[in-house]
Amino acid sequence: MSEREPVIGIDLGTTNSVVATVQGNQPAVIRNRSGATLTPSVVAVSKTGKRLVGQIAKRQAITNPEETVYAAKRLIGRKFSSQQVQEAMKVLSYQVICGEHDDIRIRLEGREVSLPEISAMVLREIKADADAFFGKPVTKAIITVPAYFNDGQRQATKDAGRIAGLDVLRIINEPTAAALAYGFGKTVNGKIAIFDLGGGTFDISVLEVGNGVFDVIATGGDTFLGGEDFDNRIIEWLVFGFAKEHGVDLRKDRMALQRLKTEAEKAKIELSTIKEAQINLPFIYTPPGGGTALHLQKALSREKLDELCADLVDRCITHCDAVLKEAKVKASDLKEMILVGGMTRMPKVVDAVKAYFKRDPCKGVHPDEVVALGAAVQANALVSEEAQVLLLDVTPQSLGVAIAGGYVRKLIPRNTTVPTSTTELFNTSKDGQTTVKIMVLQGESELAHQNELLGEFILTGLREAKRGEVEIEVTFDINSEGIVSVGARDKETGQRQSITVTASGGLTEDELKKIMEEQSDYLLEAKAGEESRNKKTELENIIKEVTALIPQVQQVTEGSEFGVDAVAKAVKSLEGAKRALEGGSLTALSDAIDTLNRTLNLFRGVLQRIGTR
Ligand code: ADP
Ligand code: MG
């Protein structure tokens, strides 16, 4: 083996984190210094002021609920005022506080700690485990995130890596990583689905896999759907029953809440293998002033658990249906169905998946380890020349700019393959407007204020003219990690402004609505009639580009199956694109552009990888 610097792949989970590396051409999990493969993503400060991370932090949670932070991933990169955070806070035993910019802080060690700092504590522990494994410091790492994470959440995760002293080579999507690990060392051709139900998030992705290319076709899910919700259903059931019987609300007591949580999860896990679990919480309530203590003792059957959580399982399937539709794939077209995440051990979840996908899920992938293994494979591919993997990820949410009237003009629709770039022309929206404000939004709503404001900037010095006369060119770029940069250029003067979008503090919907109203004089106007013309030009250019690359790809792949496949696909896409040009419908044009962009990315990847040897 060469003496190159070690690289690691990290699955930074809501509940558990896993680290892996490739050694001797095989991906393998690195055990932590206690010998376990999973490290709980839990951080605590003990009563004596010692900082604890992992299993040791999890174990003392009951007696130290206020200084034990878990499930931080559900909060990272989010706004304090968002409904999901408000909802989540109800059952968190630690103190969540609102930062200056509606960001989230956690009270720990008597300080207000940011979420990236919390995650960095987990990452630092994992790094130390990897350092111990290699016998030297490891800095280069890939960290995975749920496919559905938005820009803010990705940025915050990257920040966490940086704080922990890691050089984060890339952020990749968990399902993509899982597919990589699944496809490692075997020949897989066709479409596969990855169903990942973890502690806090649910992801469903459809990928096309073949000859070392992993092409994400569509992805979706819910960043607030996971094992914690199943636990909460049990907690609610217990609390409700207890209140009915004794007239006491156990949720008011943080210590009781933490004990309930631990017992609920334990029962849930047991019910994956046995039919009935016993929940036993002696002395769960001691009346103030010292009356008789109350105990909680209950049996929970698998049927009851299934009933309590039925809608959660249904929600997973609803997401699956939406993503398959978006991918234009039927369940029967799938080659394989892969289950990822600890929650996929629950029989009810497996049953629902089997019923919907009409097949048995793939055996032979380890649901806890597969994401970290895939991250390690990709990290290895990035630093070594021989590894043959090409990842084509997609952007999980649409991106656009705010336009006059409080609407959004989408420039990059969701599920577009990244890296990607697009340019569109806009006009001033008012007579005499010399300034435009570019407000970058992420989300699916047509109404600006219902999206997330990723960032904003101002382009000044426009010529004073009638509304619509001055043209502004807006360009969006998304790099392969899903990080966004946006530029605007005054076509007349050539003057430009740009930003790389960084995790903004975030604004509430109401605040955003107010800003939209206040800023209405400075917004852009979309060029209606020109849109189709622009798209046509864009498509024509891509057609030229792809056509020109075909001979080069044929040359470097030297008639290999891989090359023949890639070219055949490209030819088919080109035919589709030409039909779209003739038809001229906007959606057909956009679809064709997207398809050919995917081809272009594939070709560029091939040429870069093989062509430069
Ligand atoms: P994450 O990736 O979000 O950290 P994991 O994939 O590690 O999450 O899954 C953790 C979740 O899986 C927890 O909610 C845990 O309770 C649940 N879990 C683990 N094992 C089982 C099991 N055997 N049956 C049911 N749920 C389980
Ligand atoms: Mg996970």
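Residues numbered from 1 in each chain as written. Chains lettered and ligands numbered in written order. Predicted model: local features only at pLDDT ≥ 70, side-chain atom pairs only at ≥ 80, totals over all residues. Heavy atoms only, no water.

A. Spotlight on the site of ligand 1. Around ligand 1, the surrounding shell holds 16 residues, and the nearest of these are Thr15, Gly199, Glu265, Lys268 and Ser272. One nitrogen or oxygen atom from the main chain of Thr15 is found 2.7 Å from an oxygen atom belonging to ligand 1. Asn16 is positioned with one of its backbone polar atoms (N or O) 2.9 Å from an oxygen atom of ligand 1. Here ligand 1 has 580 Å² of accessible area as a free molecule, and 89% of this is covered by the chains. The leading source of residues in the shell around ligand 1 is helix 7 (residues 254–270), at 3 residues. Taken together, the residues of the shell around ligand 1 sort by class into 2 nonpolar, 11 polar and 3 charged. For the shell around ligand 1, the domains that each give at least three residues are domain 1 (7–226 + 312–392) and domain 2 (227–310). (Near = heavy atom within 4 Å. Polar contact = N/O pair within 3.5 Å; in protein donor to acceptor, adjacent residues only side chain to side chain. Areas by Shrake-Rupley, 256 points an atom, 1.4 Å probe, with all protein chains shown as cover. Helix = DSSP H or I, 4+ residues; strand = E, 2+ residues; numbered from the N terminus. Nonpolar A, V, L, I, M, F, W, Y, C, P; charged D, E, K, R; others polar. Domains from an automatic or database assignment.)

B. Summary view of the packing of aromatic side chains. A complete count under the given rule lists 4 aromatic pairs for this structure. Residues Phe133 and Phe134 carry aromatic rings whose centres are separated by 5.0 Å and whose planes lie at 85 degrees to one another, so their mutual orientation is edge-to-face. Judged by centre distance (4.9 Å) and plane angle (90 degrees), the rings of Tyr356 and Phe357 are edge-to-face. Overall, the relative accessible area of 0% leaves Phe357 in the buried class. The side chain of Lys298 reaches across the aromatic face of Trp237, ending 4.4 Å from its centre. (Phe/Tyr/Trp six-rings, centres within 6.5 Å; stacked < 30°, edge-to-face > 60°. Buried < 20%, exposed > 50% of the residue type's maximum accessible area, 1.4 Å probe, protein only. Lys NZ or Arg CZ within 6 Å of the ring centre and 35° of its normal.)

C. Region of the structure containing the sheet that holds strand 7 (residues 68–69). Read from one edge to the other, the open sheet built from 3 strands follows the order 6-5-7, with strand pairing classed as antiparallel. Since the sheet does not close on itself, it has two edges, and those belong to strand 6 (51–53) and strand 7, each with one partner. Here strand 5 (residues 43–45) runs beside strand 7; their pairing, made up of 2 bridges, is antiparallel. Looking across to strand 7, one finds that Val43 is bridged to Val69. Helix 3 (residues 115–134) rests against strand 5, strand 6 and strand 7 of the sheet, and its axis sits at about 70 degrees to strand 6. (Pairing = 2+ DSSP bridges. Contact = heavy atoms within 4.5 Å. Axes fitted to C-alpha atoms, helices over the stretch in contact; angles between N-to-C directions.)

D. The arrangement of the sheet that holds strand 9 (residues 104–108) in detail. Taking strand neighbours across the sheet as the criterion, the 3 strands line up as 8-9-10 in an open arrangement whose pairing is antiparallel. Bordering the open sheet on either side are strand 8 (96–98) and strand 10 (111–114), each of which pairs with just one other strand. Between one strand axis and the next, the sheet turns through 45 degrees on average, direction left out of account. In terms of strand pairing, strand 9 meets strand 10 through 4 bridges, oriented antiparallel. Note that in strand 10 the partner of Arg107 across the bridge is Glu112. Sheet strands in contact with helix 3 are strand 9 and strand 10, and its direction is about 80 degrees off that of strand 10.

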